[in-house]
Amino acid sequence: MSCIPTRVYRDSQLRLNKYFDEMRAAVSIEGSSYSPNQPTPSSPENLSRFDNFYLFLFRASAPIFGSMTGRYALFQTKVDQARLAFAIERFRVARGTLPEQLDELAPDFIGAIPADIYSGGPLIYRQKGSSRFSLYAVGLNRIDDGGSAGGNGPEMKQLDWVWPYSRD
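The rules behind the values
Residues numbered from 1 in each chain as written. Predicted model: local features only at pLDDT ≥ 70, side-chain atom pairs only at ≥ 80, totals over all residues. Heavy atoms only, no water. Helix = DSSP H or I, 4+ residues; strand = E, 2+ residues; numbered from the N terminus. Rg over C-alpha atoms; globule rule 2.2 N^0.38 Å. Buried < 20%, exposed > 50% of the residue type's maximum accessible area, 1.4 Å probe, protein only. Expected span 1.5 Å × (residues − 1). Arc of directions from axis to C-beta. Core = buried A, V, L, I, M, F, W, Y, C linked by side-chain atoms within 4.5 Å. Phe/Tyr/Trp six-rings, centres within 6.5 Å; stacked < 30°, edge-to-face > 60°.

**Q** With reference to specific residues and values, describe the overall build of the chain.
**A** The helix and strand inventory of the chain stands at four helices and three strands. Along the chain, helices and strands appear, N-terminal first, in the series α-α-α-α-β-β-β. Whereas a compact globule of 168 residues would reach a radius of gyration of roughly 15 Å, the chain reaches 21 Å, over 25% beyond that. Counting only C-alpha atoms, the chain reaches 70 × 30 × 30 Å along its principal axes. Considering the chain as a whole, with its 168 residues, one finds that 36% of them fall into the buried category.

Spelled out as structure tokens, the structure:
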């Protein structure tokens with residue numbers, strides 16, 4: 001027999017499901033954009049004083065899911081950067097030079113240019129000479145910081161999300 005009533009488990013599970021659905025709504029259906037300002041009224045920060053105690057299981061498990069949408073944005077950005085880097089390299093092999101703009105890659109080397117998940121615009125590509133380039137996306141601050149990672153902190157907290165294997 002449990003010391004915790006079944007209802008406490010169930011109510012925490014329901015609140016966690018609602019919170020998860022609100023976070024999932026921040027990501028567009030096609031997965032091409034992410035809105036970090038999407039409201040999450042079911043988040044742990046919005047618990048009343050009573051709920052803070054009653055839903056202790058929800059409070060204990062919510063942080064695990066709280067970083068999920070940001071991690072999704074980072075990983076989707078890395079996948080999009082990898083696809084673009086491969087297309088850039090295929091372009092270079094076929095034409096002997098790097099593209100001036102990402103638009104030159106579609107449709108011969110990539111079906112469509114993926115959008116930056118935060119800004120909604122294209123990922124940022126800069127050609128540096130005849131064989132070097134940089135490729136990055138704006139990070140959590142949603143500002144183009146010129147491809148600056150902004151220190152040695154965790155990747156999620158960097159200013160811009162820079163493709164680490166660019167010919168730079």
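**Q** Any chance you could break down helix 1 (residues 6-24) for me, citing the residues and the numbers?
**A** With 19 residues, helix 1 ought to run about 27 Å at 1.5 Å a step, and its terminal C-alpha atoms sit 27 Å apart, in line with that. Among the residues of helix 1, Val8, Ser12, Arg15, Leu16, Tyr19, Glu22 and Met23 are the ones counted as buried. Looking straight down helix 1, one finds that the buried residues subtend no more than 120° of arc, so they occupy a single side. Along helix 1, the residues that are exposed and aim more than 90 degrees away from the buried face are Thr6, Arg7 and Arg24.

**Q** Lay out helix 4 (residues 68-95) with the relevant residues and their values.
**A** Working note: α-helix, 3.6 residues per turn, so residues spaced by three or four point in the same direction. Taking 1.5 Å per residue, 28 residues should reach 40 Å; helix 4 reaches 40 Å between its end C-alpha atoms and fits that length. After helix 4 finishes, the residue Gly96 shows a positive phi value of roughly 80°.

**Q** I'd like a description of the nonpolar core, backed by residues and values.
**A** Residues Leu84, Ile88, Leu102, Leu105, Tyr125, Phe133 and Leu135 are the most contacted members of the largest nonpolar core, which totals 17 residues. For this core, the secondary-structure elements that each account for two or more residues are helix 4 and strand 2 (132-138). In this structure, Val27, Leu74, Ile117 and Tyr118 belong to the second largest nonpolar core, which totals eleven residues.

**Q** Tell me about the packing of aromatic side chains, residues and numbers included.
**A** Per the counting criterion, the structure on display carries four aromatic pairs. Ring geometry for Phe91 versus Phe109: centroids 5.3 Å apart, planes at 65°, classification edge-to-face. Taken together, the residues span a long stretch of sequence, with Phe91 in helix 4 and Phe109 in the loop between helix 4 and strand 1 (124-128) at a distance of 18 residues. Judged by relative accessible area, which is 3%, Phe91 ranks as buried. Arranged with centres 5.8 Å apart and planes meeting at 40°, the rings of Tyr125 and Phe133 form a pair that is tilted. When sorted by exposure, Tyr125 lands in the same class as Phe133, which is buried.

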